[in-house]
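# Topology and contacts: notes
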Amino acid sequence: MNPYILATLLFGLGLGTTVTFASSHWLLAWMGLEMNTLAIIPLMAQHHHPRAVEATTKYFLTQAAAAATLLFASVTNAWLTGQWEIQQITHPLPSTMITLALALKIGLAPLHAWLPEVLQGLDLTTGLILSTWQKLAPFALILQIQPSNSTLLIILGLTSTLVGGWGGLNQTQLRKILAYSSIAHLGWMILVLQFSPSITLLTLLTYFVMTFSTFLVFKLNKATNINTLATSWTKAPALTALAPLILLSLGGLPPLTGFMPKWLILQELTKQGLAPTATLAALSALLSLYFYLRLSYAMTLTISPNNLTGMTPWRLPSTQLTYPLATSTAMTICLLPLTPAISALLTP
């Protein structure tokens, strides 16, 4: 792609998110979301491949449906209450509709079906943008409206953690596994949203760091399915040794960074008297942990003298920068000891 066009599209992505962040009026927020969607579509379709075009079309249709529902809900709110302010959503009908529209935007279960399909059709770089940056603007809106319907949020959160766990079990494609991982993580964030927005933000940030590391590892190995991972130890032995730690951090295993948000969320849910919800969420995390363990097994326990499951790839020199990967890997593995400092900052 022409670098000028790429720069313009990335600027559009940034601008769309910033407009949504800065807006206090529903029309401006909707406009930011639309700019975001329109900027990422050429990035998704840049490889003229039928899968990429199909993924782009699916993404466009779901995002357009979500944006139309959001616009309809905000107009309904203005009609019922005379308010266009984002924080003045008082009526339950527009509040529920907006929550569902934003859930469709970020891919929360049961409105998640588009996400694995779309992510599977994209290359890893665009997939990374879709899994991280594209979640920011809708999340800012969900945090601002503080949905009044708490039951809806808990149902969305629990369904997402369960679907994210179940869905990834039978997958062999890494991008689909990462999509289900994304659904499960978003479920955890939504569960705690109404009780502690600061923990939700912390979970979102740690999820970004861990997903960034995972995508970069796969990108360095040019891996798109589990069999390709099995031959990665010949290309980058040190990275292959670290990759299971990154994956287990995504699964939320102590003593890695990914354990911190899960720990704080379970603690908060128990404080609020939702022990059954916390138990169910913790059990659903075991499902996710299983498929991360599968990936770890494929990467490290299929090393010689065992038979290789995949074809040995060409060992071409990588053009990818390794500093971002080194930084994010260190953060993915080592930040758990900072938990007391972070919880001290989070408590008002």
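Residues numbered from 1 in each chain as written. Predicted model: local features only at pLDDT ≥ 70, side-chain atom pairs only at ≥ 80, totals over all residues. Heavy atoms only, no water.

- The name given to the protein chain in an unreviewed UniProt entry is NADH-ubiquinone oxidoreductase chain 2, with the source organism recorded as Ophthalmotilapia ventralis.
- Looking at the protein chain in UniProt, the text filed under Catalytic activity (unreviewed entry) is "a ubiquinone + NADH + 5 H(+)(in) = a ubiquinol + NAD(+) + 4 H(+)(out)".
- UniProt annotates the protein chain under Subcellular location (unreviewed entry) with the comment "Mitochondrion inner membrane". (UniProt positions renumbered as here; feature names shortened; annotations may be inferred.)

## Details of the nonpolar core
- In terms of nonpolar packing, the biggest core is built from 47 residues, with Y59, V118, L130, V217, F218 and L295 touching the most fellow members.
- A domain split of this core shows at least three residues from each of domain 1 (1-110) and domain 2 (149-306 + 320-347).
- Those residues in contact with L130 that sit more than four places away from it in its chain are I40, Y59, L115, V118, L119, L122 and K135.
- Among the nonpolar cores identified, the runner-up in size contains 31 residues, and L33, I98, A101 and L153 belong to it. (Core = buried A, V, L, I, M, F, W, Y, C linked by side-chain atoms within 4.5 Å. Buried < 20%, exposed > 50% of the residue type's maximum accessible area, 1.4 Å probe, protein only. Domains from an automatic or database assignment. Contact = heavy atoms within 4.5 Å.)

## Section: the packing of aromatic side chains
- Applying the stated criterion to the full structure yields 4 aromatic pairs.
- Ring geometry for Y207 versus F208: centroids 6.0 Å apart, planes at 50 degrees, classification tilted. Each member of the pair, Y207 as well as F208, carries the same accessibility label: buried.
- A cation over a ring is seen here: K262 above W188, with NZ or CZ 5.2 Å from the ring centre. (Phe/Tyr/Trp six-rings, centres within 6.5 Å; stacked < 30°, edge-to-face > 60°. Lys NZ or Arg CZ within 6 Å of the ring centre and 35° of its normal.)

## A word on the layout of surface pockets
- Reported here for the largest pocket is a volume of approximately 190 Å³.
- Contributing to the lining of the largest pocket are F195, S196, S198, I199, L264, Q267, E268, K271, S343, L346, T347 and P348.
- Mapped by element, the contributors of at least two residues to the lining of the largest pocket are α10 (197-220), α14 (259-271) and α17 (339-346).
- With 4 residues, the top contributor of residues to the lining of the largest pocket is α14.
- Per-class residue counts for the lining of the largest pocket are 5 nonpolar, 5 polar and 2 charged. (1 Å grid on protein atoms, 1.4 Å probe; cavity = no way out; pocket = protein on both sides within 12 Å on 5 of 7 lines; lining within 4 Å. Points joined across faces, edges and corners; volume = space filled by probe spheres on them. Helix = DSSP H or I, 4+ residues; strand = E, 2+ residues; numbered from the N terminus. Nonpolar A, V, L, I, M, F, W, Y, C, P; charged D, E, K, R; others polar.)

## Some thoughts on the pattern of salt bridges
- Summed over the entire model, instances satisfying the criterion amount to 3 salt bridges.
- One salt bridge in this structure joins K58 and E54, with 2.8 Å as the shortest N-O distance. Of this pair, K58 and E54 both sit in helix α3 (residues 50-81), 4 residues apart, which is roughly one turn of the helix.
- The partly exposed category is assigned to K58, whose relative accessible area is 29%.
- Classification of E54 as partly exposed rests on a relative accessible area of 37%.
- The partner of E117 in a salt bridge is K176, and the shortest N-O contact between them spans 3.5 Å. Within this pair, whereas E117 is found in helix α5 (residues 114-120), its partner K176 is found in helix α9 (residues 174-192), the two being separated by 59 residues in sequence. (Salt bridge = Lys/Arg side-chain N within 4 Å of Asp/Glu carboxyl O.)

## Comments concerning the environment of F195
- Mapped onto the secondary structure, F195 falls in the loop between α9 and α10.
- Setting aside anything within four residues of it in sequence, one finds F195 in contact with I154, E268, L269, Q272 and L274.

## Focus: the packing of helix α7 (residues 133-145) against α9
- At a minimum axis distance of 13 Å, the contact between α7 and α9 shows a crossing angle of 20 degrees. As judged from the angle between their axes, α7 and α9 are roughly parallel. Remark: the crossing between α7 and α9 carries right-handed chirality. Contact residues: K135, F139 and I142 in α7; S182, L186, M189 and I190 in α9. (Axes fitted to C-alpha atoms, helices over the stretch in contact; angles between N-to-C directions. Parallel < 35°, antiparallel > 145°, perpendicular 65-115°, else oblique. Left-handed = near helix turned anticlockwise from the far one by under 90°.)

## Considering the domain arrangement of the protein chain
- Domain boundaries assigned for the protein chain yield domain 1 (1-110) and domain 2 (149-306 + 320-347).
- Once you take the C-alpha centre of each, domain 1 and domain 2 turn out to be 25 Å apart.
- At the junction of the two partners, domain 1 supplies 9 residues and domain 2 supplies 11 residues.
- Interface of domain 1 and domain 2: buried area, both sides summed, is about 810 Å²; carbon and sulfur atoms make up 78% of it.
- The interface formed by domain 1 and domain 2 contains 0 salt bridges.
- Our count for the domain 1 to domain 2 interface comes out at 1 residue pair in polar contact (both at pLDDT 80 or more).
- Split into classes, the residues belonging to the side of domain 1 that touches domain 2 amount to 6 nonpolar, 3 polar and no charged. (Buried area = accessible area lost by both parts, 1.4 Å probe. Polar contact = N/O pair within 3.5 Å; in protein donor to acceptor, adjacent residues only side chain to side chain.)

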